[in-house]
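# Observations on the model geometry
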Amino acid sequence: MIDTLLAGLEGVTASYLVAGDRPALIDTGARTSAPVLRAALSEAGLEAGDLAWIVLTHIHLDHCGATGIAAAAFPRATVVVNRRGARHLAEPGRLVAASAAVYGRRWSLYGGLDRTAADRIVAAEDGHRLSVGPGRDLVMLETTGHARHHMSVHDEATGTVFAGDAAGARLAGGGLYPTMPPPDVDLDAGARSVGRLAALAPVRLCLAHFGPVPDPAADLALAADQLGRLRAAAAAGPDREALRRALADELPLEATAADPRSVARWKRLGWADANVEGLAGWVERP
Ligand SMILES: [Zn+2]
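Residues numbered from 1 in each chain as written. Predicted model: local features only at pLDDT ≥ 70, side-chain atom pairs only at ≥ 80, totals over all residues. Heavy atoms only, no water.

## A few points about the packing of aromatic side chains
Summed over all chains, the structure comprises 5 aromatic pairs. Between Tyr103 and Tyr110, the ring centres sit 3.7 Å apart and the planes meet at 10 degrees, which makes this aromatic pair stacked. A residue is classified by how much of its surface remains accessible, and Tyr103, at 17% relative accessible area, is buried. An aromatic cluster is present here, built from Tyr103, Trp107 and Tyr110 joined pairwise through their rings. The aromatic ring of Phe74 is capped on one face by Arg38, whose charged end is 6.0 Å from the ring centroid. (Phe/Tyr/Trp six-rings, centres within 6.5 Å; stacked < 30°, edge-to-face > 60°. Buried < 20%, exposed > 50% of the residue type's maximum accessible area, 1.4 Å probe, protein only. Lys NZ or Arg CZ within 6 Å of the ring centre and 35° of its normal.)

## A word on the sheet that holds strand E5 (residues 78-82)
If you walk across this open sheet you meet the 6 strands as E1-E2-E3-E4-E5-E6, and the pairing is mixed. Of all strands in the sheet, those with a lone pairing partner are strand E1 (2-3) and strand E6 (121-124), marking the two edges. In this structure, E5 lies alongside E6, joined through 4 bridges in parallel fashion. Within E6, the position partnered with Val81 by the bridge is Ala123. (Pairing = 2+ DSSP bridges. Helix = DSSP H or I, 4+ residues; strand = E, 2+ residues; numbered from the N terminus.)

## A few points about the environment of Leu207
Its place among the elements puts Leu207 in strand E11 (residues 204-207). Along the backbone, Leu207 and Thr32 are 175 residues apart, and their C-alpha atoms lie at a distance of 20 Å. The contact partners of Leu207, leaving out residues within four places of it in the chain, are Ala14, Tyr16, Ala163, Gly164, Ala167, Gly168, Ala169, Arg170, Leu176 and Val213. (Contact = heavy atoms within 4.5 Å.)

## Describing the state of the cysteines
In this structure the tally under the stated criterion is 0 disulfides. Between Cys64, a cysteine without a disulfide, and Cys206, which holds the nearest cysteine sulfur, the sulfur-to-sulfur distance is 20 Å. (Disulfide = S-S within 2.5 Å.)

## Describing the coordination of the zinc ion
Surrounding the zinc ion are the protein donor atoms Asp62 (OD), His63 (NE2), Asp165 (OD) and His209 (NE2), which sit 2.0 to 2.5 Å from the metal. If you look at the zinc ion, its 4 donor atoms make angles of 83 to 170 degrees with each other, and the shape they trace is irregular. Sequence spacing of the donor residues for the zinc ion, all on one chain, is D-H-x101-D-x43-H. Here Asp165 lies in the loop between strand E10 (160-164) and helix H6 (187-199) and Asp62 lies in helix H2 (residues 61-64), a separation of 103 residues in the sequence. By relative accessible area, which is 3% here, Asp165 ends up buried. (Donors = N, O, S within 2.8 Å, 3.2 Å for Na, K, Ca; no water. Tetrahedral: all angles 85-135°; square planar, octahedral: opposite > 155°, others 65-115°.)

Here it is in structure tokens:
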């Protein structure tokens, strides 16, 4: 695990390096994290020609923003991303503009996305496999809900699931809390995705925010419960203030994320407010 230090904060954004004959990096962190990522990969002993795969759980900028820079630094790496995200990596203009609108005054924490040549991108379907070595495949599983281009990565040999944001976030030291930012939250799909991950009975569940959880089955059950609470809160929408109050009743951030440092990070990054917008979008969409 690499802490890519979004906004200079520890314990918020994780990338993972799966070692093997054909090493895979799972998520790059934001563009602003590129120097940190680069240093960590070089510390792990990776030379420019060594990285085989850059695998993205989804194309939100805290996960994919350093992709263009990493692809340039590791010229033999192939980028694997959900089929719905592939063209945005090759032509990032629309994604970057939409992200700037979502992040608002916090945009500078993320810093955009450089393009990746289209012939280096694999548009993955559900069930797509990539080999990191003999008898060691990573399997891409569509786990939408957080976003329509979200995939989890299943390392079958070790029973590890890299869940991206499909099961919520647990910032270092804090409790699990859902992350449902705009623009394409789908609570029904989210619940199916959590069920799908639970059915894998993972030995290890690695969140993008942040790290392996203490008890995968317990966190997946908690994630399912939290999605139910989001659904209950959504009944108050689409009015933002009503949604905010309902969310504070159903899932109070302070009590749920628990640790004061973690709560402060949720607020500093604006992710709790983003949940209100994400939910409102879900309520408003036909
Ligand atoms: Zn995220």
